[in-house]
Amino acid sequence: MSFNPLKEKGISLDKQLRTWHDIAHRKFNKNEINCYSRTRQILMNGIEVEAWNFKHNLSRICNHEDTLEFLAQTKRLEDAQQTTINWLAPCDQSVLETTLGYEQVAVDLTAWLAQNEPDKYVKETYDFGLLEDFDHLYRYSQWAYMIHGISPNNIVQEQTDVVFGRPTQYHHNCNIIRLRKPYDKTQTSPQTKVNILTLVSGEQQTHNYYGEHGFAYGNECLRETYASIKDVEEEHVTMYESLIDPTESLYEKLLLHEFTEVCNYQNCVKDEKDPVLMQIWEEFLAFEIGHLHVAAELFKKYEKRDPEEVIGDTVFDTCHFTSQKEYVTQTLENEIDKRLGTNKNYAKIKDLPEDWASYHIQSTVSKDGDPTEVTIRTIAEQKKRDIVFADEKLKANLPKLLEKGLQEKGTSPDTVTVEEYKKMSKEEFLM
Ligand SMILES: [Fe+2]
Ligand SMILES: [Fe+2]
Ligand SMILES: [Fe+2]
Ligand SMILES: [Fe+2]
């Protein structure tokens, strides 16, 4: 069902105040929840954090009294929505279990967006980021087993493969070359704008989660793994947000934030099977339509333009979660040796210049060893090999893919070699 949110009634702001019980009492069962209900919960938490955060930033630089009043009212409402959604996660869901959920969001969302993105350059950027989060899922999966004795499939439920991607040690780039070319706000479709804002919100919240929880474990190598991947998520936020046209006005941005919330909740409503979550998505969709109406009125008043010039007249599919194994495998096979170019483009390892700026970053941060490589060495010591979930064809191709993905420069001395990996992959992993 597609609709024009500006023509829907929604729920007005004065009817959005809820009780503590309503805000905080719902939670899911971690053993029963569908993995894609969990990914929706994780993503929508990120969307709400971004909405709240953006409004605070806007409040600090805005001098229109009516806008400040709208922001003051809705900051509390966005915040309460965030509490309801984030606290759906039960207290017995461990940090690593939640982490696997976060990376499943990144993989399956990015892969879906890449295939539904009208802008080719933006799509290429999604494909690039995809292989990084895919590798994070693999590294964390080893820890979920080593620390909690669980299979990653308890969380990803066989919908997402667990295999290395572009190795994490190579995700550390000079953050200047992470910067991408921004879209042109006058030429770009609202869908591209909403897609980017959705992914930025997800990546930002992933970064925040690792920052707030990575120290929950005493294991030194796991702490460093969280620190390393948190840094990559920082790079992801930098990369994806740089796609946004910086000349968008503040009211345009406000409108796009509310519209992004509407689109994402609409998607949740379309896909959800869990009755408890469904009730939340339906209610919050109506809330967001209420927010959007006010944002649209403010936009008309201060910009003297029609909001449809920015957001169009229909909601989009954004967070449609479904298994993406085939697409990810194909991207992995084609792009494991892809790196950031020096001109806001992309390059293959063999074409990188000797003085490629990221070499310096990579060799500096892994001077004392790379924790994400040590992760694989540690599990191989205990179980003779790493945990991998993929079809046999992909599994058989892994040593070759690893060879393609390794760099000569900027590689940590404790990196698992192709020979070591070949040997390891002949072993069977016994849970
Ligand atoms: Fe919200
Ligand atoms: Fe990630
Ligand atoms: Fe990421
Ligand atoms: Fe909102």
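About the criteria used
Residues numbered from 1 in each chain as written. Chains lettered and ligands numbered in written order. Predicted model: local features only at pLDDT ≥ 70, side-chain atom pairs only at ≥ 80, totals over all residues. Helix = DSSP H or I, 4+ residues; strand = E, 2+ residues; numbered from the N terminus. Rg over C-alpha atoms; globule rule 2.2 N^0.38 Å. Buried ≥ 20, exposed ≤ 12 C-beta atoms within 10 Å, placed from the backbone. Contact = placed C-beta atoms within 7 Å. Expected span 1.5 Å × (residues − 1). Axes fitted to C-alpha atoms, helices over the stretch in contact; angles between N-to-C directions. Parallel < 35°, antiparallel > 145°, perpendicular 65-115°, else oblique. Left-handed = near helix turned anticlockwise from the far one by under 90°. Nonpolar A, V, L, I, M, F, W, Y, C, P; charged D, E, K, R; others polar. Core = buried A, V, L, I, M, F, W, Y, C linked by C-beta atoms within 7 Å.

Draft legend 1. Local environment of the overall build of the protein chain. Along its length, the protein chain carries 18 helices and two strands. Taking 431 residues into account, the globule formula puts the C-alpha radius of gyration at 22 Å, and the protein chain, at 22 Å, falls close to it. Taken along its principal axes, the extent of the C-alpha atoms in the protein chain is 65 × 45 × 35 Å. Among the 431 residues that make up the protein chain, the fraction classed as buried is 47%. A sequence separation of at least 24 residues applies to 85% of the contacts in the protein chain between residues at least 6 apart.

Draft legend 2. Structural view of helix α15 (residues 371-383). The terminal C-alpha atoms of α15, which comprises 13 residues, lie 18 Å apart, in line with the 18 Å expected from a rise of 1.5 Å per residue. Along α15, the residues classified as buried are Pro371, Thr372, Glu373, Thr375, Ile376 and Ile379. For α15, the elements touching its buried residues are α5 (120-148) and α9 (220-241). Just past α15, the residue Lys384 takes up positive phi, approximately 70°.

Draft legend 3. Fine view of the packing of helix α10 (residues 250-271) against helix α11 (residues 275-303). α11 packs onto α10 with a crossing angle of 160° between their chain directions and a minimal axis gap of 8 Å. With respect to their mutual orientation, α10 and α11 come out roughly antiparallel. Along this stretch, α10 crosses α11, giving a crossing that reads as left-handed. When its residues are assigned to classes, the contact of α10 with α11 shows 18 nonpolar, two polar and five charged.

Draft legend 4. Region of the structure containing the nonpolar core. Counting 98 residues, the largest nonpolar core has Leu109, Leu130, Ile196, Leu255, Phe259 and Val262 as its most contacted members. Contacts of Leu109, omitting those with residues within four sequence positions, involve Leu43, Leu199, Gly202, Cys319 and Phe321.

Draft legend 5. View of the environment of Arg385. One can find Arg385 in the loop between α15 and α16 (392-396). Between the C-alpha atoms of Arg385 and Gly214, which are 171 residues apart in sequence, the distance is 25 Å. Residues within four places of Arg385 in sequence aside, it is in contact with Ala380, Met424, Ser425, Glu427 and Phe429.

Draft legend 6. Spotlight on helix α3 (residues 65-86). A rise of 1.5 Å per residue sets the reference length of α3, with its 22 residues, at 32 Å; its end C-alpha atoms lie 31 Å apart and thus fit the reference within 8%. Of the positions making up α3, those classed as buried are Thr67, Phe70, Leu71, Thr74, Leu77, Glu78, Ala80, Gln81, Gln82, Thr84 and Ile85. In this structure, the buried side of α3 is in contact with α1 (20-24), α2 (35-59) and α11.

Draft legend 7. Spotlight on the environment of Glu235. Along the polypeptide, Glu235 turns up in helix α9. Residues Glu235 and Leu401 lie 166 residues apart in sequence; the distance between their C-alpha atoms is 24 Å. Sequence-distant contacts of Glu235, that is, excluding residues within four places in its chain, are made with His171, Asn173, Asn175 and Arg178.

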